[in-house]
Amino acid sequence: MKLHRSQRGGSIGLVLLIAVLLVGAAIGLLQVGRGNTALYILILLAILGTVGVFSLFALASGIMRFGARERDDSDIKSLVDGAFDGILVTDAGGRVLYANQAYLSLIGATSPRDVRPIERVFLGDPDVSEAVYRLLKAAREGRRLQEEVRVGGSRGEPARWLRLRVRPGSDKRRTRTTVWSVADVTRDREKQENVFQELQHAIDYLDHAPAGFFSADAAGNIVYLNATLASWLDQDLAEVGSGGLRLSDIVPGEGASLLNIPAMPGEVKTEVLDLDFKTRGGRSIPVRLFHKVAFGADGTPGPSRTLVLNRARGENEDAQRAAEVRFMRFFNNTPMAIATVDRSGRVVRSNALFARMFKDIADAHRNILSTVAERERGALQQALAHASEGQGDIPPVEAALSVGSDRFATFFVTAIDDDADRESEAAIIYALDNTERRALENQIKQQQKMDTVGQLAGGIAHDFNNVLSAIMMATDFLLGAHKPTDPSFADIMQIKQNANRAASLVRQLLAFSRRQTLRPQVLDLGESLSDLTILLRRLIGEKVKLEVVHGRDLWAVKADLSQFEQVIVNLAVNARDAMPDGGSLTVRTANVSAGDPRLTSHKGMPDGDYVLVEVADSGTGMSPEVMAQIFEPFFSTKEVGKGTGLGLSTVYGIIKQTGGFIYVDSELGKGSTFRIFLPRHIAEKEEPATAEKPAVAAAAAGSPAEAAQADLTGRGTVLLVEDEEGLRALNARGLASRGYTVLTASNGVEALEELEKNEGKVDLVVSDVVMPEMDGPTLLKEMRKKNPNLKMIFVSGYAEDAFQKNLPPGGQFAFLPKPFTLKQLVEQVKQTLSQ
């Protein structure tokens, strides 16, 4: 159809005429004389120039066109005229500029006069009108758009489906145009509907098949579940595909691990599995699965295709099936991992626990040897070889697993009895994960080791305390007998200073063995750390940056303030030594409630409320081998002469004796972090969470000058009970020099005899705790029977708590830890007598 005329094509005759005229003009110029030639040439050029200018205007306005372009436009127009799809071109006002024959046929137009734009063709159909409105809006916005609409048939004709497309067009005359295309897609729609109907029938057949079917992705989400299986399991199909239903919801226990099939990249594997499914109400249904999984080129498993057969139906009538179901349940629910393997160690069959236990370490070939650390595979391989030969009584193999050095398992290998089956299945392997048992055994061994060393250290400290007490008492006598100007006075002072150093080492040994005397009091760790900050800055130096981060509303704890300060100081000094080039030291406190992940991450610590003290440095860190020994006494990584090896063992003993726990995390080159957990203290009555500072206590005792001038003399009868003869003599001499009447005894039996000799006229008893024949607590009981008001002082190298439990309830006494000086002894005696 033509809605405008095409321009006429170019003529060769016109070109020849113009050429003849130009040649004639040239010949005429040759006949004219030279004098007039210039004038005629100018006239000719003016005529040609005028013609050229008018030609340019004609081309610009469209009056003239090039013949080749006109022929191209004609070819394109003929192609559009014969197109199968209807083509319509309209201007900005909606007027039709062009429409091909296919468009006329689609809209039912009989002549060019009946051509109408799209929006007027479907005025009576509201659904189509909405689609046309969207297309017109897209055209005005300069966008392409496509819509498919259903057009009702007229006069009994069937309905049709039309595909309407619109795109912005362009024109040489710069008129804005819109190009429409209309295609009849009824046949395509009918094919799609037929395919959809067939698919619906297939889904209906699968949904109501007499077998169950499901599909699950690699993450364990069930993406499809047919109606048959949903009815068996009493599951809601609306939850399928939305992440609301997972394999763990229908497969109980470890059964889901069997569905993780190892395979090579690109492989498609199918396995037959017998296991239990569970209903929404928790009832078990025995099923047999035909489980198929396709793996991608990168080894990623795709969604499964799993056929499910219900083995519960007819179970009562079929005894063999019932026996198979019982065995399946026993096999999959046993708390031991079981698998059968061939001669090379490839797993042939396994139960659910085995699949779960080795899911992360079994390779695509499922070889049992790959589950064991390489250094220990030989023992398991030898056990398999013995089983393949039919040997019995194969010893179990305990080995570390290949993934993670902290996982261990014990393998029990048994030969297959049937020689014919031994080719495909050579042995049965039973595996027990004994990681927790080994960790508990190592923990008990370490605890026993530390307790043994602690007992030895405590015993040595007790005996050594007696020797130190004698040395310190003797030096006090010598210092009292010599003037500072005497040549030997400096030597005596050197002896006393070394004795004090030895006493400090003994206290550290007692701290490690948890046999030192603690004076626990309710503490606010925030205040205690604030008071200690100045001392810590002085200890760590200027190269190390100290940061103290206080937790909010810290709970109170009950601990010995001086011992807690020693713990922090020891950790700070160790951190400083680990940062020779400087670094940062952070002390952080926080409340840790019961159930906090920070508690569950540490083994051996009961659940409860704790106050956490964290000491972290940015030093050199420690290797696992060093961390395993850092709390042992006399272990040190420092150079000879730069450490006693008792710092961290002292910390360990103090924390343990306080009832707390200490753990360390460290990595070479990344620093170390010590975490101390102290139990929260809840007072039965109102108790102030404040601690008397050592400085305050010293002030209360008076200044050094006042202490030196204090009167330490006294009167009264003192019974001194000590099994060490030399120490007993020195203590008796010291008390006698201060004005006391001293009676001596070497053990508890002699002390009772001395008490009877003096008819009970004894004001005070000073007794050792550990003695032959009768110890100190027994002596106290016997003496209190005769004189309930008798005052008593116990002296010992052990902690007060070590023997206090052996005393009768309400037994009052004073305590003086060894070693002590003469001054400390007479001070304690005078203080006790004055009470």
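Attention here is on the structure that accompanies the text. (Residues numbered from 1 in each chain as written. Predicted model: local features only at pLDDT ≥ 70, side-chain atom pairs only at ≥ 80, totals over all residues. Heavy atoms only, no water.)

### With respect to empty space enclosed by the protein
It is a probe the size of a water molecule, rolled over the atoms, that shows where empty space is left.
Then comes step 1: A complete count under the given rule lists 1 cavity of 30 Å³ or more for this structure.
Then comes step 2: Empty space within the largest cavity amounts to approximately 30 Å³.
Then comes step 3: Together, A559, F564, V567, I654, I655, T658 and L678 line the largest cavity.
Then comes step 4: Counting residues per element, the lining of the largest cavity draws most heavily on helix α19 (residues 647-658), at 3 residues.
Then comes step 5: Of the residues that constitute the lining of the largest cavity, the class distribution is 6 nonpolar, 1 polar and no charged. (1 Å grid on protein atoms, 1.4 Å probe; cavity = no way out; pocket = protein on both sides within 12 Å on 5 of 7 lines; lining within 4 Å. Points joined across faces, edges and corners; volume = space filled by probe spheres on them. Helix = DSSP H or I, 4+ residues; strand = E, 2+ residues; numbered from the N terminus. Nonpolar A, V, L, I, M, F, W, Y, C, P; charged D, E, K, R; others polar.)

### Here's the deal with a nonpolar patch on the surface
Then comes step 1: A cluster of nonpolar side chains, I18, L22, I41, L42, L45 and L48, forms an exposed patch at the surface whose accessible area comes to about 540 Å².
Then comes step 2: For the nonpolar patch, the leading source of residues is helix α2 (residues 34-61), giving 4 residues.
Then comes step 3: In this fold, L42 is placed in helix α2. (Patch = residues over 30% accessible without salt bridge, like charges linked within 9 Å, V, L, I, M, F, W, Y side chains within 5 Å. Areas by Shrake-Rupley, 256 points an atom, 1.4 Å probe, with all protein chains shown as cover. Salt bridge = Lys/Arg side-chain N within 4 Å of Asp/Glu carboxyl O.)

### Let's talk about the environment of V544
Then comes step 1: Within the secondary structure, V544 sits in strand β17 (residues 544-549).
Then comes step 2: Taking the C-alpha atoms as reference points, V544 and S618, separated by 74 residues in sequence, lie 9.6 Å from one another.
Then comes step 3: The contact partners of V544, leaving out residues within four places of it in the chain, are M579, G582, G583, S584 and L585. (Contact = heavy atoms within 4.5 Å.)

### Side note on the pattern of salt bridges
Once the charged atoms of two side chains with opposite charge are near each other, the side chains can pair.
Then comes step 1: In this structure the tally under the stated criterion is 23 salt bridges.
Then comes step 2: A salt bridge links R189 to E148; the shortest N-O distance between them is 2.9 Å. Here R189 is found in helix α7 (residues 186-207), whereas its partner E148 is found in strand β3 (residues 145-151), with 41 residues between them in sequence.
Then comes step 3: Between D609 and R680 there is a salt bridge, and its shortest N-O distance comes to 3.4 Å. A residue pair is termed long-range when its members are at least 10 positions apart, and D609 in the loop between α17 (597-600) and β20 (610-617) and R680 in the loop between β22 (671-679) and α20 (694-700) qualify at 71 residues.
Then comes step 4: Classification of R680 as partly exposed rests on a relative accessible area of 34%. (Buried < 20%, exposed > 50% of the residue type's maximum accessible area, 1.4 Å probe, protein only.)

### Some points on the sheet that holds strand β27 (residues 814-817)
Then comes step 1: Within the open sheet, the 5 strands sit side by side as β24-β23-β25-β26-β27. Their pairing is parallel. Whereas interior strands pair on both sides, the edge strands pair on one side only; in this sheet they are β24 (741-745) and β27. When the angles between neighbouring strand axes are averaged without regard to direction, this sheet yields 20°.
Then comes step 2: Pairing analysis gives 5 bridges linking strand β23 (residues 717-721) to β24, with the strands arranged parallel. For L720, the partnering residue across the bridge sits in β24 and is T744.
Then comes step 3: Along the sheet, helix α24 (residues 776-786) makes contact with β23, β25 (764-768) and β26 (791-796), crossing β26 at roughly 175°. (Pairing = 2+ DSSP bridges. Axes fitted to C-alpha atoms, helices over the stretch in contact; angles between N-to-C directions.)

### Regarding unusual backbone geometry
Then comes step 1: Unlike most non-glycine residues, E759 shows phi in positive territory, near 55°.
Then comes step 2: For E759, the location among the structural elements is in the loop between α23 (748-757) and β25.
Then comes step 3: Positive phi values are uncommon outside glycine, yet E773 reaches one of about 70°.
Then comes step 4: Mapped onto the secondary structure, E773 falls in the loop between β25 and α24.

### Focus on the sheet that holds β3
Then comes step 1: One open sheet holds the 5 strands; their spatial order is β2-β1-β5-β4-β3, and the pairing between them is antiparallel. Of all strands in the sheet, those bounded by a partner on one side alone are β2 (96-99) and β3. Sheet twist, expressed as the average angle between the axes of neighbouring strands with direction ignored, equals 20°.
Then comes step 2: Direction of pairing for strand β4 (residues 160-169) relative to strand β5 (residues 177-184): antiparallel, over a ladder of 8 bridges. Of the residues in β5, the one forming a bridge with V166 is W180.
Then comes step 3: Contacts between α7 and the sheet are confined to β3, β4 and β5, with β4 contributing the most and set at about 125° to the helix.

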